[in-house]
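Descriptive structure summary
Read off the chains here:
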Protein chains: 2
Amino acid sequence: MKLLEDRIQRDGVVKAEGVLKVDGFLNHRIDIELLDAMGAEFKRLFADAPINKILTIEASGIGIACMAARHFDNAPVVFAKKAQSINLDGEMYRTRIQSFTHGKVFDVIVSKKFIGPDDHVLIIDDFLANGCALNGLLEIVEAAGATVEGIGIAVEKGFQPGGASLRERGYHLESLAIVDAMDPTTGQITFRQAGEPAPSHELTVETCEA
Amino acid sequence: MKLLEDRIQRDGVVKAEGVLKVDGFLNHRIDIELLDAMGAEFKRLFADAPINKILTIEASGIGIACMAARHFDNAPVVFAKKAQSINLDGEMYRTRIQSFTHGKVFDVIVSKKFIGPDDHVLIIDDFLANGCALNGLLEIVEAAGATVEGIGIAVEKGFQPGGASLRERGYHLESLAIVDAMDPTTGQITFRQAGEPAPSHELTVETCEA
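Per an unreviewed UniProt entry, chain A carries the name Xanthine phosphoribosyltransferase and comes from Slackia isoflavoniconvertens. Quoted verbatim from the Subcellular location (unreviewed entry) field of the UniProt record, the comment on chain A reads "Cytoplasm". Under the heading Catalytic activity (unreviewed entry), UniProt records this for chain A: "XMP + diphosphate = xanthine + 5-phospho-alpha-D-ribose 1-diphosphate".

Structural data, given as structure tokens:
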């Protein structure tokens, strides 16, 4: 999606160790017009899927998911929570996720009340790197007996293995921008072009296990 | 706001110790149409204020703030973060907040890049109880030299002191639903009517200090 790629090129900051900061428009300060355009693009990409629920994970996914939901007939958004609070009792689906960004492991929970066999789910998140968060969400959708209609990502790091692995497993994954290379010294960011294969250099493989 | 009060009456669950669960439509599963109507109501209530930024706090505030922003000419949303991550370097405003719901103290940070003297800020959050989270956000806005144009809350607990204190300090505070009493045994919820004073019974006063 050219609008998002241009914005990443302009306002994204390449840091060491594979970190790309997009906090000026995506996950600290949020550009509402950009999110709305991203929502419209997700709808175009998943136009044929009978999506009736959007699942994301707190915190950065929530804004993207809510703005996208408007383009899917106001489908309800469910966000997975990263820790149990006293406000979240009852039965829930639970999984453990390792965060690439934070380098720690946390519990992720979704109440069983809010996802079930009738749901056709679009999973939305801001980043896809190793795919650990998405694997956790996929486990939850599958445990609930719901159908995964697709996975919509804002920024995929094409030099990490999450995207390739999910496509290989047959999921309909759409990333609005795929960063195949980035250079913390020059700040240069290389996006994958439509139809272009993943780069052939070896992927940085990291495990999702703690 | 009758739509929200009716929804709380129908789907809210009154728990012991002043906890009101609204996870079916506000802070776990999100009803997008409801949030859109709430955004329109915030715009009506703050129509005269020159708001150009919306500030909230992760996680439950984000969806409400993003959907409201559409009604404020797509004003950017900034959400305060609850812990420092490796993705958030640079200078930031920092304060400490005690959570009523979680019963613990956490750091709250906003990057100095994303709030400054030119900002006319509407602060939005899902709940107002003791006002600890809001006091933290107000400190950050004031430290940035920005102007607080108003505070928009989904659900205020009128039997806790946060709302009364903020109004006394002169802030333009609008809560879409004010719960003045709730009974965990019967599940009954009493909303404050327009123009009605706060209940005279003693408020449950708790401090924001750890």
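Let us now look at helix H4 (residues 132-143) of chain A. Residues and elements named next belong to chain A. Between the first and last C-alpha of H4 there are 17 Å, a value that for 12 residues agrees with the 16 Å anticipated at 1.5 Å per step. Among the residues of H4, Cys 132, Leu 134, Gly 136, Leu 137, Leu 138, Ile 140 and Val 141 are the ones counted as buried. At the exit of H4 stands Gly 145, carrying a positive phi of roughly 75°.

Looking now at the relation of the copies chain A and chain B. Note on the copies: chain A fits chain B at an RMSD of 0.0 Å, the axial shift is 0.0 Å, and the rotation between them is 180°. On this basis, the relationship between the two copies can be described by a two-fold rotation axis. Comparing contact sets, 100% of the residues at the interface of chain A also lie at the interface in chain B, consistent with an isologous, same-surface contact.

With that out of the way, let us pick up helix H3 (residues 60-69) of chain B. Among the 10 residues that make up H3 of chain B, 10 are buried, leaving the element largely enclosed by the rest of the structure. Taken residue by residue, H3 of chain B has Ser 60, Gly 61, Ile 62, Gly 63, Ile 64, Ala 65, Cys 66, Met 67, Ala 68 and Ala 69 of chain B as its buried positions.

A separate point is the side chain of Asp 180 of chain A. Among the secondary structure elements, Asp 180 of chain A is positioned in strand S10 (residues 173-182). What makes Asp 180 of chain A buried here is its relative accessible area of 8%.

Let us look at the interface of chain A and chain B. The parts lose accessible area when they come together, and the size of an interface is often stated as this lost area. Each side of the interface is counted separately: chain A has 40 residues, and chain B has 40 residues. Counting across the interface, chain A meets chain B through two salt bridges. One salt bridge connects Asp 23 of chain B with Lys 113 of chain A, and the closest N-O pair in it is separated by 3.7 Å. For the side of chain A that touches chain B, the elements supplying multiple residues, two or more each, are strand S2 (20-21), strand S3 (29-30), helix H2 (32-45), helix H3 (60-69), strand S5 (77-80) and strand S7 (105-111) of chain A. For the side of chain A that touches chain B, the leading source of residues is H3 of chain A, giving six residues.

Basis of the calculations
- Residues numbered from 1 in each chain as written.
- Chains lettered and ligands numbered in written order.
- Predicted model: local features only at pLDDT ≥ 70, side-chain atom pairs only at ≥ 80, totals over all residues.
- Heavy atoms only, no water.
- UniProt positions renumbered as here; feature names shortened; annotations may be inferred.
- Helix = DSSP H or I, 4+ residues; strand = E, 2+ residues; numbered from the N terminus.
- Expected span 1.5 Å × (residues − 1).
- Buried < 20%, exposed > 50% of the residue type's maximum accessible area, 1.4 Å probe, protein only.
- Least-squares fit on C-alpha atoms with pLDDT ≥ 70 in both.
- Contact = heavy atoms within 4.5 Å.
- Salt bridge = Lys/Arg side-chain N within 4 Å of Asp/Glu carboxyl O.

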